[in-house]
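Close look at the chain arrangement
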Amino acid sequence: MNQSTITKAAEIVKQNAIQGGEFNGQICVLSLIDEVGYPTASVITPSKADGIYQLMLCTMRSGNMAKRAANCNRASVCFSSTEYCINLVGDIEVITDADVKRDVWYDGLSYHFTGADDPDYCVLRFTTKRYKLFVSDEDVAGVV
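All values reported here derive from a predicted model rather than from experimental measurement.

Okay, a nonpolar patch on the surface next. Nonpolar side chains collect at one region of the surface, where Ile-27, Val-29 and Val-43 lie side by side and expose about 230 Å² of accessible area between them. Within the secondary structure, Val-29 sits in strand β1 (residues 28-33).

Position of Lys-101 among the secondary structure elements: in helix α3 (residues 98-104). Non-local contacts of Lys-101, meaning those with residues more than four positions away in its chain, are made with Ile-95, Thr-96, Ala-116, Asp-117, Asp-118, Tyr-121 and Val-123.

With 13 residues, helix α1 (residues 3-15) extends 18 Å from end C-alpha to end C-alpha; this agrees with the ideal 18 Å at 1.5 Å per step. All of the buried residues in α1 are Thr-5, Ile-6, Ala-9, Ala-10, Ile-12 and Val-13. Along the axis of α1, the buried positions cluster into a sector of 160 degrees, meaning they face one direction only. Turned more than 90 degrees off the buried face of α1, the exposed positions are Lys-14 and Gln-15. Its buried side turned inward, α1 meets β3 (46-50), β4 (54-60), β5 (74-80), β6 (84-95), β7 (121-135) and β8 (138-143).

Summed over the entire model, instances satisfying the criterion amount to six salt bridges. Residues Arg-68 and Glu-35 are paired through a salt bridge, measuring 3.5 Å at the closest nitrogen-oxygen approach. One end of the pair, Arg-68, is in helix α2 (residues 64-71); the other, Glu-35, is in the loop between β1 and β2 (39-44), with 33 residues separating them in the sequence. Arg-102 is the partner of Asp-99 in a salt bridge, and the nearest nitrogen-oxygen pair spans 2.9 Å. Note that Asp-99 and Arg-102 are positioned in helix α3 at a spacing of three residues, about one turn of the helix. Here the salt bridges share partners, and the residues they tie into one network are Asp-99, Arg-102 and Asp-117.

With that settled, the discussion passes to the pairing of β4. Counting buried positions along β4 gives five out of seven residues, so the element sits mostly inside the fold. The pairing of β3 with β4 spans four bridges and is antiparallel. Bridging from a neighbouring strand, Pro-46 pairs with Leu-57 of β4. With antiparallel pairing between neighbouring strands as the criterion, β3 and β4 make up a hairpin whose turn holds three residues, including Gly-51 at a positive phi of roughly 55 degrees.

Moving on, we get to the packing of aromatic side chains. Evaluation of the coordinates by the stated rule reveals two aromatic pairs. Each ring, one from Trp-105 and one from Tyr-121, has its centre 5.2 Å from the other, and the planes form 80 degrees; the classification is edge-to-face. In this pair, Trp-105 sits in the loop between α3 and β7 while Tyr-121 sits in strand β7, placing the two residues 16 residues apart along the sequence. Using a relative accessible area of 21% as the deciding quantity, one classes Trp-105 as partly exposed. A connected cluster of aromatic rings, assembled from ring pairs, spans Trp-105, Phe-113 and Tyr-121.

Thresholds applied
Residues numbered from 1 in each chain as written. Predicted model: local features only at pLDDT ≥ 70, side-chain atom pairs only at ≥ 80, totals over all residues. Heavy atoms only, no water. Patch = residues over 30% accessible without salt bridge, like charges linked within 9 Å, V, L, I, M, F, W, Y side chains within 5 Å. Areas by Shrake-Rupley, 256 points an atom, 1.4 Å probe, with all protein chains shown as cover. Salt bridge = Lys/Arg side-chain N within 4 Å of Asp/Glu carboxyl O. Helix = DSSP H or I, 4+ residues; strand = E, 2+ residues; numbered from the N terminus. Contact = heavy atoms within 4.5 Å. Expected span 1.5 Å × (residues − 1). Buried < 20%, exposed > 50% of the residue type's maximum accessible area, 1.4 Å probe, protein only. Arc of directions from axis to C-beta. Pairing = 2+ DSSP bridges. Phe/Tyr/Trp six-rings, centres within 6.5 Å; stacked < 30°, edge-to-face > 60°.

All quantities given are derived from atomic positions and should not be read as evidence of function.
Here it is as structure tokens:
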């Protein structure tokens, strides 16, 4: 395991999460299994990140992402550019806890929800189980 590559990947993931409540076009691709067993990919903004180990993503409780996450907890997240490719595979869960929802809320969500207490607003918590990282010409795979 190359700790330097993991550290660089963690910094990239953190930079792609909402920083100080500001949305600056940060996105990742979240892949979930749909209701008939096929993988689906959606672009989403990570609201909070603990390096490569855990991500918080905000979505609609009534929407497909939350329904798919509730139905099958296996997921994958990818951050990609011409300089890196960070693939994370793990488990995802739907969180409706009010404290968690308030903790990851950012102003851009007000386009979709009335506030952090909106009953249709939920958080998807992704926890990495394994990873494949290509950062700074280094290729590293591992298990958390």
